[in-house]
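# Observations on the model geometry
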Amino acid sequence: MINFPVDTVYLESVDSTNSYLKRIIKENGLDAPMVVVTDNQLSGRGRLGRVWQSSPGESLCMSIALQNSYCEGFTLLVAVGVYEALKSICSENSLQIKWPNDIICGNKKLCGILCERVGAYTVIGIGVNVNNKIFDEEIAHKATSLRFLCGRCFDIKEIAKAVSESVFSVLSKSGGIFDKLHKETFESACANIGRCVAAEKFSGVAVGVDENGALLLDVQGETKKVTSGEVAMHGIY
Ligand code: BTN
């Protein structure tokens, strides 16, 4: 159960909002959920040890710390919350989720999510390209922003509020499991389903996700599970 209002801290700049919350958790613990927001993240971290690029004043970088909330399929539940918020903000029907938790439009990434666990706590890191109009050369072909999609700028704090409220709402409604309703929402938004997907060890057509959040692939008539790592789809990063 999450009691509102949740403490939200706005930082002028920080190395990484995820690292910031992890330091607080390790030093003092947290009595209640906490949200940290910045538009100037200096050393952002992505999934699989990657760097997360953001532009000062243009990108939303935020993290949410929760206690005793982790469950199987947790990162997919978070993706549903973020997806629903961004979809209603930009009235963009073509937003999709790329398994496990990227929010994309067409073949370009709008938002990335990094969930990290520290003991009984989970830190949910969310990076959204909001008002970006130029991306670094190496990501320019595979990144988009709300500004590109909607043709206008947005208030970064308002986006942060809408995203955190939507994530809290999904986590509360799901009752601590990757429930049927949110699994169905995930599947209907999932860009992988119905397409040929290459995982680390095998390739097949994505047919759904299971109750633990694994991506299910039909590999020559046999259903195989992808539980971690990255999947590649033709035409998408
Ligand atoms: C990914 O797609 O690889 C995940 C990107 C997650 C980026 C966010 S930005 C806010 C939070 N702080 C970080 O250092 N990373 C996450």
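Overview of the structure. Everything numeric here is computed off the predicted structure, so don't read it as measured data.

This part takes up the packing of helix H2 (residues 74–90) against helix H4 (residues 156–174). Their axes nearest at 8 Å, the elements H2 and H4 cross at an angle of 135°. Viewed along their axes, H2 and H4 adopt a mutual orientation that is oblique. Pair H2 / H4 crosses with right-handed handedness. Contacts from Phe 74, Leu 77, Val 78, Val 80, Gly 81, Val 82, Glu 84, Ala 85, Leu 86 and Ile 89 of H2 reach H4 at Ile 159, Ala 162, Val 163, Ser 166, Val 167, Val 170, Leu 171 and Ser 174. Class assignment of the residues belonging to the contact of H2 with H4 gives a composition of 14 nonpolar, 3 polar and 1 charged.

A separate point is the packing of aromatic side chains. What the rule picks out here adds up to 3 aromatic pairs. Where Tyr 70 meets Phe 74, the ring centres are 5.3 Å apart and the plane angle is 35°; that geometry is what we call tilted. On the basis of relative accessible area, Phe 74 is assigned to the buried category, the value being 1%. Centre to centre, the rings of Phe 178 and Phe 186 are 6.5 Å apart; their planes meet at 85°, and the pair counts as edge-to-face. Just above the ring of Tyr 70 sits the side chain of Arg 117; from NZ or CZ to the centre is 3.9 Å. Geometry around Tyr 10 places Lys 157 over its ring, the cationic atom sitting 4.7 Å from the centre.

Structurally, Val 35 is set in strand E2 (residues 34–38). Between the C-alpha atom of Val 35 and that of Asn 192, which follows or precedes it by 157 residues, the distance is 30 Å.

Attention shifts here to the pattern of salt bridges. Summed over the entire model, instances satisfying the criterion amount to 11 salt bridges. Lys 22 is paired through a salt bridge with Glu 116; the nearest N and O atoms lie 3.3 Å apart. Taken together, the positions of Lys 22 in helix H1 (residues 17–28) and Glu 116 in strand E6 (residues 108–118) put the pair 94 residues apart, joining distant regions of the chain. The residues Lys 22 and Glu 116 share a single accessibility class, namely buried. With a shortest N-O distance of 3.9 Å, Glu 58 and Lys 133 are connected by a salt bridge. With Glu 58 in the loop between E2 and strand E3 (59–67) and Lys 133 in the loop between strand E7 (121–129) and helix H3 (146–150), this residue pair connects regions lying 75 residues apart in the sequence. One salt-bridge network, in which partners are shared between bridges, spans Lys 22, Arg 45 and Glu 116.

The next subject is H1. Between its terminal C-alpha atoms H1 stretches 17 Å, which fits the 16 Å expected from 12 residues at 1.5 Å a residue. Taken together, the buried residues of H1 touch E2, E3, E6 and E7. The residue sitting at the N-terminus of H1 and contributing the capping side-chain oxygen is Ser 16; that oxygen lies 3.2 Å from the backbone nitrogen of Asn 18. Directly beyond the C-terminal end of H1, a positive phi value near 70° is found at Gly 29.

Quick look at the sheet that holds strand E5 (residues 102–105) now. Across the sheet, which stays open at both edges, the 7 strands sit in the order E1-E2-E3-E7-E6-E5-E4 with mixed pairing between neighbours. Where the open sheet ends on each side, the last strands, each with one partner, are strand E1 (7–11) and strand E4 (95–98). Adjacent strand axes in the sheet meet at a mean angle of 20° when their direction is disregarded. As defined by bridge partners, E5 adjoins E6 across 3 bridges and the pair is classed as antiparallel. Bridged to Cys 105 within E6 is Lys 108. H4 rests against E1, E2, E3 and E7 of the sheet, and its axis sits at about 30° to E3.

Attention shifts here to the nonpolar core. Counting 59 residues, the largest nonpolar core has Val 82, Leu 86, Ile 124, Ile 126 and Phe 186 as the members making the most contacts within it. The element contributing the most residues to this core is H2, with 12 residues. With sequence-adjacent residues up to four places away left out, Leu 86 is seen in contact with Leu 95, Ile 103, Leu 110, Cys 111, Val 128, Ile 159 and Val 163. Membership of the second largest hydrophobic core comes to 12 residues, among which are Ile 24, Leu 30, Met 34 and Val 36.

What follows deals with the environment of Cys 61. Relative to the helices and strands, Cys 61 is located in strand E3. Separated by 159 residues in sequence, Cys 61 and Gln 220 place their C-alpha atoms 41 Å apart. Those residues in contact with Cys 61, other than ones at most four positions away along the chain, are Thr 17, Val 36, Val 37, Thr 38, Gln 41, Ser 54 and Ile 126.

Scoring rules and cut-offs
Residues numbered from 1 in each chain as written. Predicted model: local features only at pLDDT ≥ 70, side-chain atom pairs only at ≥ 80, totals over all residues. Heavy atoms only, no water. Axes fitted to C-alpha atoms, helices over the stretch in contact; angles between N-to-C directions. Helix = DSSP H or I, 4+ residues; strand = E, 2+ residues; numbered from the N terminus. Parallel < 35°, antiparallel > 145°, perpendicular 65-115°, else oblique. Left-handed = near helix turned anticlockwise from the far one by under 90°. Contact = heavy atoms within 4.5 Å. Nonpolar A, V, L, I, M, F, W, Y, C, P; charged D, E, K, R; others polar. Phe/Tyr/Trp six-rings, centres within 6.5 Å; stacked < 30°, edge-to-face > 60°. Buried < 20%, exposed > 50% of the residue type's maximum accessible area, 1.4 Å probe, protein only. Lys NZ or Arg CZ within 6 Å of the ring centre and 35° of its normal. Salt bridge = Lys/Arg side-chain N within 4 Å of Asp/Glu carboxyl O. Expected span 1.5 Å × (residues − 1). Polar contact = N/O pair within 3.5 Å; in protein donor to acceptor, adjacent residues only side chain to side chain. Pairing = 2+ DSSP bridges. Core = buried A, V, L, I, M, F, W, Y, C linked by side-chain atoms within 4.5 Å.

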